[in-house]
Amino acid sequence: MNWLTRVARPKLKGILSKRDTPDNLWHKCRSCGEMVFHRDLVAARNVCPSCDYHMRLSPKERFEAVFDGGEYDEIELPDVAQDPLKFRDEKKYTDKLKTARTKTEQKDAVLVAVGALRGIETVVSVQNFAFMGGSLGMAAGEAIIRGAEEAVARKAPYVVFAAAGGARMQEGILSLMQLPRTTIAVEMVKEAGLPYVVVLTDPTTGGVTASYAMLGDVHIAEPGALIGFAGPRVIEQTIREKLPEGFQRAEYLLDHGMVDMVVHRHDLRDTLARVINLLVKKNTWTVSTGAPVENAASEDGQAGITASDAGNLPARLDAGSTGPAEILPPNKSNTKSQMD
């Protein structure tokens, strides 16, 4: 081995490797094709500065964007059986799980965390579409249920960021069982008188839409999000008709009453805080049926439940209570007393 081999080649390799550009410095927008510098994209919460297209966020990015100061505690999730059906197509199901876990650094599609949202302790579950399309399997179902149990135990609101392509086919009927199980978990939160808010992100489809994603007290959608059960292409092939422009997109669903509001990602945290503040009683109020409700200000200066808000909410606020409002469905006695 001569001096050229020992000295020159390693140095040349080092110089050339330093000049290589990392692959993640620039990101191409899927909507307009604009190349966006990664720092600008991170600062904009993955919203394209050119066309306002909302790109996907990881669960940890969601948590940092929602919780006060980006501070939160992840909730430990239960383990489930892996590959109970011994499923295999082109690859083993276990191999696909390993690949998804390496790619996302998550055990499965859903993460759950608890933290403060404008001073209100809140439990948040986030579905990661990058993990096998955010598909709903046993692990994801257990995570949603665990989040509901944590919300009830802490007497805290429960917020779910939904993003999924549907049920996980590799788990068959065990995946479909998560639809009624998560539905029961949502009812458990509501029976405890706690708010349940769903944020529908792109895309939210399949069994997730047929269960917990459409059971919220309030449904918030991100701009342009695809929301539905079957995809537009499947529907067109089934009915053999051309669908309207923007069918199953957030704005179309807002016009047709499927969602309550479409909120830009930059305004999402403040909107969630206002919605939860309307549903959760942070201070002490004395409320009687038919009597005016006094305004109450929260710690951050935002107004609490006003007289007009209280009239629109199916809630009973007991006198002297400092806990969350008891959310009740309208009944005959309540309706009669309000009419009187």
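Residues numbered from 1 in each chain as written. Predicted model: local features only at pLDDT ≥ 70, side-chain atom pairs only at ≥ 80, totals over all residues. Heavy atoms only, no water.

So, about the pairing of strand 5 (residues 120–127). Of all 8 residues in strand 5, 7 are buried, a share of seventy percent or more. Relative to strand 5, strand 4 (residues 110–117) runs antiparallel, the two sharing 8 bridges. Note that in strand 5 the partner of Val 112 across the bridge is Ser 125. The antiparallel hairpin formed by strand 4 and strand 5 contains 2 residues in its connecting segment, where Arg 118 sits at a positive phi of about 55 degrees. Pairing of strand 5 with strand 6 (residues 158–164) involves 4 bridges; the strand directions are parallel. Across the sheet, the residue bridging to Ser 125 is Val 160, located in strand 6. Between the parallel pair strand 5 and strand 6, the chain is carried across by helix 5 (residues 138–154), and the sense of this crossover is right-handed. (Buried < 20%, exposed > 50% of the residue type's maximum accessible area, 1.4 Å probe, protein only. Helix = DSSP H or I, 4+ residues; strand = E, 2+ residues; numbered from the N terminus. Pairing = 2+ DSSP bridges. Right-handed = clockwise from strand over helix to strand, strands pointing away.)

Burial of strand 4 is extensive: 7 of the 8 residues sit out of reach of the surface. Two elements, strand 3 (residues 73–74) and strand 4, share 2 bridges in a ladder whose sense is antiparallel. Bridging from a neighbouring strand, Glu 74 pairs with Ala 113 of strand 4.

Within the largest apolar cluster, 39 residues are counted, with the highest numbers of intra-cluster contacts made by Val 123, Tyr 158, Tyr 196, Leu 200, Tyr 212 and Ile 227. Of all elements in the fold, only helix 4 (93–104), strand 4, helix 5, strand 6, helix 7 (178–191), strand 7 (196–204) and helix 9 (250–255) reach the threshold of two or more residues within this core. Looking at which element gives the most residues to this core, the answer is helix 5, with 6 residues. Here Tyr 196 is in contact with Tyr 158, Val 160, Val 186, Val 189, Lys 190, Tyr 212, Leu 215, Gly 216, Asp 217 and Val 218, once residues within four sequence places are set aside. (Core = buried A, V, L, I, M, F, W, Y, C linked by side-chain atoms within 4.5 Å. Contact = heavy atoms within 4.5 Å.)

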